[in-house]
Amino acid sequence: MAGGNERSMKALKEVWKRAENSLCADCGKPDPDWASSTLGVFICLSCSGIHRNIPSISKVKSLKMDYWDDAQVQFLAKHGNAVTKAMYEAHIPIYYYQPTYNDCQVLREQWIRAKYERKEFTEPGKQLPYSDGVKEGILWKRGRDNGQFLPRKFLLSEREGCLKYFTKQDAKEPKINVKIDVINATFQPEKIGNPNGLQITYLKDNKTRNIFVYHESGKEVVDWFNAIRSVQFHYLKVAFPIASDNEIKNRLTRNFLKEGYMEKTGPKQREAFKKRWFTLDHRRLMYFKDPLDAFAKGEVFVGSGENGYSVQKGLPSGTQGNFSWHYGITIVTPDREYLFTCETEADQLDWIRAFTSVINQAMTPQEYASKCLDAFSFPS
């Protein structure tokens, strides 16, 4: 018996160390040490918890702590991540967001359920709830003034190229009508205080506006997210006919590079530093009095190094404004310097890394044109 167990463990390790099984089959995290004995995939601890919630589809075991019999090991050897992914991920739409281990729970759970439970990607041309160019339904939206979440009707239309929402079910005219090409959507469960919280951001008169929504169903809110990406993808295919699918895919919704509190001073650099919530959305650095504010109080364009932008650790000598945090950052632009302070050195270094990653990228012609609108204001 002991010999059989030893033989099984040796065979298991052989399968486990195949290159195809070195990353989690669902989120890409390195060195997965769990596996599904019914699906044949190698997965990380976090994804194994999601699999455990769908026991009719997947039965998970630890590769280090649990016993695997010969039949189970042979099943893993016959399948593995490459074979199983080829089956369950055969026909993923180009616009569908495939989450990584850095993404929130609802995105990862719905990705796993979409693959194995609903089998959304096994057949070509399958009609999906986010793929037909129109989506209508109720989302709970945070009120701009009172902060309460109330049900609102939303309508997404590929034909009209826009997203609308209505304050009442029977309202004839929408409260907003936003062109699809100026929309970004990103999951913000912690900020919104709901595991299915979604932040919809759009530009109006070159200013950023935020809408915070959620739905009680994780599937429904992820369907909305992918429906927005689907409509954006088809809109951009028409707008940029010679662009490749991957080029267009990279222009769809994006996560913010960095968010968090910093202190800032005004343009004269003699005012007291004030604590504000900052969001770095690629080249737009925005600040808000509160993380859930609908409108940014100010914005600044962060260009590239070759265009005269840089980030420096610390504040200029002789800075006069009073500040309570002592880890300074200076953003240098062709027009002026912007001064910030962080609470900790770790925050300071994280922000510097984020700014550096943007500044090191060459600007596109579109970004260079938008820079000229430096109506991006940064008042006190």
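Keep in mind that what you see is a predicted model, and the values were worked out from it rather than measured.

**Focus on the packing of helix α2 (residues 45-52) against helix α5 (residues 105-117)**
Right, on to step 1. At a minimum axis distance of 10 Å, the contact between α2 and α5 shows a crossing angle of 60°. Taken together, the axes of α2 and α5 lie oblique to each other. Here the hand of the crossing between α2 and α5 comes out right-handed. From α2, Ser46, Cys47, Ile50 and His51 reach across to α5, where they touch Gln105, Arg108, Glu109, Ile112 and Tyr116.
Right, on to step 2. Of the residues in the contact of α2 with α5, the class split is 4 nonpolar, 3 polar and 2 charged.

**Details of the sheet that holds strand β4 (residues 134-142)**
Right, on to step 1. A sheet is described by the order of its strands in space; here 7 strands give the open sequence β7-β6-β5-β4-β10-β9-β8, paired in antiparallel fashion. Strands at the two margins of the open sheet, each flanked by one partner only, are β7 (176-179) and β8 (183-187). Between one strand and the next, the sheet's axes are offset by a mean angle of 35°, whatever the strand orientation.
Right, on to step 2. Two elements, β8 and strand β9 (residues 198-204), share 5 bridges in a ladder whose sense is antiparallel. Each residue of the ladder has a partner; that of Asn184, found in β9, is Thr201.

**Description of the layout of surface pockets**
Right, on to step 1. In this model, the second largest pocket occupies a volume close to 480 Å³.
Right, on to step 2. Together, 16 residues line the second largest pocket, and Asn102, Phe187, Gln188, Pro189 and Glu259 are the ones closest to its centre.
Right, on to step 3. For the lining of the second largest pocket, the secondary structure elements donating two or more residues are β8, α6 (189-192) and β11 (258-264).
Right, on to step 4. Across the lining of the second largest pocket, the residue classes break down as 7 nonpolar, 4 polar and 5 charged.

**Side note on the environment of Phe288**
Right, on to step 1. When you line up the elements, Phe288 lands in strand β13 (residues 284-288).
Right, on to step 2. According to the relative accessible area criterion, Phe288 is buried, its value standing at 2%.
Right, on to step 3. Residue contacts for Phe288: discarding those within four places in its chain leaves Asn210, Arg276, Trp277, Thr279, Asp293, Phe295 and Ala296.

**Section: the packing of α5 against helix α7 (residues 218-239)**
The geometry of a pair of packed helices is captured by two quantities: the angle between their axes and the separation between those axes.
Right, on to step 1. Direction vectors running N to C along α5 and α7 enclose 95°, while the axes themselves pass 10 Å from each other. As summarised for this structure, α5 and α7 are arranged roughly perpendicular, according to the angle between their axes. On α7, the residues touching Val106, Leu107 and Gln110 of α5 are Gly218, Lys219, Val221, Val222 and Phe225.
Right, on to step 2. Looking at the contact of α5 with α7 residue by residue, the classes come out as 5 nonpolar, 2 polar and 1 charged.

**Let's talk about α2**
Right, on to step 1. Taken as a whole, α2 has its buried residues at Cys47, Ser48, Ile50 and His51. Projected down its long axis, α2 carries its buried residues within an arc of 155°, all on one side.
Right, on to step 2. Along its buried surface, α2 packs onto β1 (34-36), β2 (42-43), β3 (60-62) and α5.

**Description of α7**
In an α-helix, one turn spans 3.6 residues; hence positions three or four apart end up facing the same way.
Right, on to step 1. Given a rise of 1.5 Å per residue, 22 residues ought to cover 32 Å, and the 32 Å separating the end C-alpha atoms of α7 matches this to within 8%.
Right, on to step 2. Where α7 begins, one side-chain oxygen reaches toward the backbone nitrogen of Lys219, 3.3 Å away; that side chain belongs to Ser217.

**Observations regarding the UniProt feature "domain: PH" (unreviewed entry) in the protein**
Right, on to step 1. In the numbering used here, UniProt assigns the feature "domain: PH" (unreviewed entry) to residues 132-233 and 255-360.
Right, on to step 2. Within the segment residues 132-233, helix and strand shares are 20% and 46% respectively, and the terminal C-alpha atoms sit 12 Å apart.
Right, on to step 3. Helix makes up 14% of residues 255-360 and strand 38%. Its end C-alpha atoms lie 19 Å apart.

Reading guide: rules and limits
- Residues numbered from 1 in each chain as written.
- Predicted model: local features only at pLDDT ≥ 70, side-chain atom pairs only at ≥ 80, totals over all residues.
- Heavy atoms only, no water.
- Axes fitted to C-alpha atoms, helices over the stretch in contact; angles between N-to-C directions.
- Helix = DSSP H or I, 4+ residues; strand = E, 2+ residues; numbered from the N terminus.
- Parallel < 35°, antiparallel > 145°, perpendicular 65-115°, else oblique.
- Left-handed = near helix turned anticlockwise from the far one by under 90°.
- Contact = heavy atoms within 4.5 Å.
- Nonpolar A, V, L, I, M, F, W, Y, C, P; charged D, E, K, R; others polar.
- Pairing = 2+ DSSP bridges.
- 1 Å grid on protein atoms, 1.4 Å probe; cavity = no way out; pocket = protein on both sides within 12 Å on 5 of 7 lines; lining within 4 Å.
- Points joined across faces, edges and corners; volume = space filled by probe spheres on them.
- Buried < 20%, exposed > 50% of the residue type's maximum accessible area, 1.4 Å probe, protein only.
- Arc of directions from axis to C-beta.
- Expected span 1.5 Å × (residues − 1).
- Polar contact = N/O pair within 3.5 Å; in protein donor to acceptor, adjacent residues only side chain to side chain.
- UniProt positions renumbered as here; feature names shortened; annotations may be inferred.

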